[in-house]
Amino acid sequence: MLRELTYAEAIREALRNALIKNPKVFLIGEDIGAYGGAFKITNGFLEEFGSERIRDTPISEAAIVGAAIGAALMGLKPIAEIMYMDFIPICLEQLANQAAKIRFMSGGKLKVPIIVRTQYSLGRAHGAQHSQFIPAWFLQVPGLKVALPSTPYDAKGLFNQALKEENPVLYIECSLLYRVKGPVPEEDYIIPFGKADVKKEGDDVTIVAISRMVHEALAAAKILEEKGLSIEVIDPRTIQPLDIETIVNSVKKTGRVIIAEDDHKTGGVGAEITASIIENAFDYLDAPITRVASPDIPIPFSPQLELEYMPNKDKIIQAVNSLLKG
Amino acid sequence: MIKEITISPKDYLKLGLTRDKLVWMLKKMMEIRFFEEKVEELYLMKGLITGPAHLYFGEEAVAVGVVSALEEGDLIISNHRGHGHALAKGIPMKEVMAELFGKATGTCKGLGGSMHVAISPERGSLFASAIVGSGVPIAVGVALAFKYEKSDRVIAVFFGDGAVNTGAFHEAVNMAAIWNLPVILVCENNMYAIGMKAEKAVALKSLAERALGYGIPGIIVDGNDPIAVWLATKEAIEKARKGEGPTLLECKTYRLKGHGIYDQAKYRPKEEVEAWLKKDPIINFKKNLIELNVLSESDVKTFEEEIKRELDEAVNFAQKSPILSFEELKNYVYA
Ligand SMILES: Cc1ncc(C[n+]2csc(CCOP(=O)(O)OP(=O)(O)O)c2C)c(N)n1
């Protein structure tokens, strides 16, 4: 049955179902218990599942991920929460050097099927240390998978796939999306990793959009369509693995592409997608690939400046217009 | 809450250790020593082994003492200086040697190398991390799983004196302490982290005092005496199995060689080295066991021959083993 759930409710439902169905699943993180999670995703879980399964930790990001790794090596399915993506660098060693490499270094003897959930809070005036979005850092970490749901439907489906993964998964939520509503089936469906979603079909321009930018791209497409343009919006949903085929097929059709993302332009996910398009579809391009991303400066606190800083639908429209003029 | 455990060799036989176990301990220590001598030879003289190799020369009593206190089902996590841990845990010499050669028959199919040789979950040697301190949080997670599954297994994690100054160590020990997890924290204080002296890196009289900050017991033990290490580990294990949490063992020992095989260790004062050579754990343990009539000089000779023969076979095996094909590598990245 299809109901409307918020993005936050969809994640919460996926987590709760996992806890109910699989006794090997447990959650570990800061303030996920009595406090209910910094974003209230796990509210009420402590009462429902108890403190062994909803494990409140001290402020120890490296040990949270390390403990998840150790438990996973013993056959459990830990879901760790790192409150803000900005804190991932503190546990980056455990995530990138340990979780992602253990299978390889052990010659395939060991597996680390952990999920690390985190979120980025760009757009909420949280300042430079609480808003950062750094997904591209993980593109250079073989062994790790990275999911970036943009809708409630994708949030639940991707999470269910993450649960089945035998690899470590970094599951990056966007806190500005927590209250976005959308249809979510009641049953436990799965969205496979590495399968981009064409959020909207179109013929003139392809917009590859990541996480929050999917919504900005769709809003931009609507406005542009009123002017007679047909826009295709593609959401890769996972950047590792990245479904370059769907993107390339779209570029072959439209000949024009814009990549919209919240991360910094330099070395962002868009840079990787750009390179892959050039490798695979250079001859089909009718215009330069254009990236709409955050500038290479830390995120300003001032809400007005932050708004100026953020990529949005207007910047996408501008990019499309200059693409077509060029 | 810091105590010291010492034992006089006269009392070795009063502790409930069988003669077989004592003999096993000596043999294992000899095996590790001969193995390291062979590695040094293959590396320096023959150039058959490359890459970093951190020898366990002089520290044999720690691995052997700890491992002999563990039981079936208990696990260890090792670090970059893991040849001794691997052998103590019963990983066959030839697998360890083949890993040093980067061969497909090695413990990690040649993808781990010297710093990860001690990865053999089937033999209770779960994992080895070459990032200093980083195995400790992982051990805490293993212990968390033991507790979650309501088993009474324990995990011993080995790390050096340098590791007690890393963030990972502190976060992890604190976590193990607040949740009373069954972790045996084995600090192998060989007095140096590469060239950094432990006493300069820590403003405490002993590293065991680190335990005080976490409300857990700390034990100082002679790391050159396998029996003292065994006793201390046994005490820590008993506590851990009862759900009383982790213990920090500071095993005071000495790295008789450089940090890595290529390191001449010129920063060590000559008198210091000479003093520790007199405390060689193998020479002393052998002498003690002979004096206690547990074995004879000629038994020791026989072991020596056996080990050397096995070692030659291991080298032969490693040399003849194939390497993985490059195409296969991608199969080990994702499951
Ligand atoms: C986090 C980290 N920093 C630095 C190094 C480089 N390194 C390798 S071994 C070592 C010394 C470790 O000393 P200790 O923990 O006392 O162990 P030991 O080598 O003496 O057995 C260093 C600094 C590393 N591997 N990991």
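Before any of the text, the structure's been laid out above.
Computed from a predicted model, the values in this text were never measured in an experiment.

Chemist: Describe in detail the overall build of chain B, supporting the description with residues and values.
Modeler: Summing up its helical and strand segments, chain B has eleven helices and nine strands in all. Computed over its C-alpha atoms, the radius of gyration of chain B comes to 19 Å, within 12% of the 20 Å expected for a compact globule of 335 residues. Looking at chain B residue by residue over its 335 residues, the buried ones come to 60%. For chain B, restricting intrachain contacts to residue pairs at least 6 apart in sequence, the fraction spanning at least 24 positions comes to 76%. Entry remark: accessible area of chain B is about 13,200 Å², with carbon and sulfur atoms responsible for 53%. Both charge centroids of chain B, one from 42 positive and one from 45 negative side chains, sit 1 Å from each other.

Chemist: Give a description of the nonpolar core that names residues and reports values.
Modeler: Within soluble globular proteins, side chains that are nonpolar tend to cluster in buried spots. Among the nonpolar cores identified, the biggest contains 212 residues, and B:M97, B:F159 and B:V183 are the most heavily contacted of them. Beyond its immediate sequence surroundings of up to four residues, B:V183 is in contact with B:A139, B:V140, B:A143, B:I155, B:V157, B:A176, B:P246 and B:T247. Counting residues in each nonpolar core, the second largest holds 21 residues, with A:L224, A:I231, A:I258 and A:V292 among its members.

Chemist: If you had to explain the interface of chain A and chain B to someone new, which residues and values would you point to?
Modeler: Taken residue by residue, the interface counts 46 residues in chain A and 40 residues in chain B. Counting the surface lost from both chain A and chain B, the interface buries some 3,400 Å², and carbon and sulfur atoms represent 65% of this. Sorting the residues of chain A by area buried against chain B places A:M74, A:F104 and A:K109 first, and these three jointly supply 20% of that buried surface. Where chain A touches chain B, the interface holds two salt bridges. Two residues, A:K24 and B:E149, come together in a salt bridge whose shortest N-O distance is 3.2 Å. Viewed at the interface, chain B and chain A are joined by 21 residue pairs in polar contact (both at pLDDT 80 or more). Put simply, the parts of the chain that give the side of chain A that touches chain B at least two residues each are β2 (25-29), β3 (54-56), α3 (61-73), α4 (88-99) and α5 (102-105) of chain A.

Chemist: Tell me about the pairing of strand β7 (residues 169-174) of chain A, residues and numbers included.
Modeler: Residue and element names in this part refer to chain A. Extensive coverage of β7 is indicated by the burial of six of its six residues. One ladder, built from six bridges, connects strand β5 (residues 115-120) with β7; its direction is parallel. Of the residues in β7, the one forming a bridge with I115 is V169. Relative to β7, strand β6 (residues 145-147) is paired through three bridges, and the arrangement is parallel. Bridge pairing in β7 links K145 to V169. Remark: the β6/helix α6 (residues 152-164)/β7 crossover connection has right-handed handedness.

Chemist: Residues and numbers for the state of the cysteines, please.
Modeler: Taken as a whole and judged by the stated rule, the model has zero disulfides over all chains. Cysteine A:C174 is unpaired, with the sulfur of A:C91 as its nearest cysteine sulfur at 19 Å. There is no disulfide at B:C251, and the cysteine sulfur nearest it, in B:C187, is 7.5 Å away. Judged by relative accessible area, B:C251 falls into the buried class, the value being 0%.

Chemist: Give a description of the packing of helix α7 (residues 213-226) of chain A against helix α11 (residues 313-325) of chain A that names residues and reports values.
Modeler: Residue and element names in this part refer to chain A. For the pair α7 and α11, interaxial distance at closest approach is 8 Å and the crossing angle is 55°. Considering their axes alone, α7 and α11 lie oblique with respect to each other. Crossing hand, α7 versus α11: right-handed. Touching M213, E216, A217, A219, A220, I223 and L224 of α7 are K313, I316, I317, V320 and N321, all from α11.

Chemist: Please give an account of the site of the ligand that cites residues and values.
Modeler: Residues and elements named next belong to chain B. Not every one of the 14 residues close to the ligand is listed here, only the nearest: H80, R81, G162, N190 and Y192. The contact in question runs from a nitrogen atom of the ligand to an N or O atom on the backbone of A130, over 2.9 Å. Interatomic distance of 2.9 Å between a side-chain N/O atom of N190 and an oxygen atom of the ligand. When the ligand sits alone it has 580 Å² of accessible area, and the protein chains cover 72% of it. Here the residues of the shell around the ligand sort into seven nonpolar, five polar and two charged.

Rules and cut-offs
Residues numbered from 1 in each chain as written. Chains lettered and ligands numbered in written order. Predicted model: local features only at pLDDT ≥ 70, side-chain atom pairs only at ≥ 80, totals over all residues. Heavy atoms only, no water. Helix = DSSP H or I, 4+ residues; strand = E, 2+ residues; numbered from the N terminus. Rg over C-alpha atoms; globule rule 2.2 N^0.38 Å. Buried < 20%, exposed > 50% of the residue type's maximum accessible area, 1.4 Å probe, protein only. Contact = heavy atoms within 4.5 Å. Areas by Shrake-Rupley, 256 points an atom, 1.4 Å probe, with all protein chains shown as cover. Lys, Arg positive; Asp, Glu negative; His and termini not counted. Charge placed at Lys NZ, Arg CZ, Asp CG, Glu CD. Core = buried A, V, L, I, M, F, W, Y, C linked by side-chain atoms within 4.5 Å. Buried area = accessible area lost by both parts, 1.4 Å probe. Salt bridge = Lys/Arg side-chain N within 4 Å of Asp/Glu carboxyl O. Polar contact = N/O pair within 3.5 Å; in protein donor to acceptor, adjacent residues only side chain to side chain. Pairing = 2+ DSSP bridges. Right-handed = clockwise from strand over helix to strand, strands pointing away. Disulfide = S-S within 2.5 Å. Axes fitted to C-alpha atoms, helices over the stretch in contact; angles between N-to-C directions. Parallel < 35°, antiparallel > 145°, perpendicular 65-115°, else oblique. Left-handed = near helix turned anticlockwise from the far one by under 90°. Near = heavy atom within 4 Å. Nonpolar A, V, L, I, M, F, W, Y, C, P; charged D, E, K, R; others polar.

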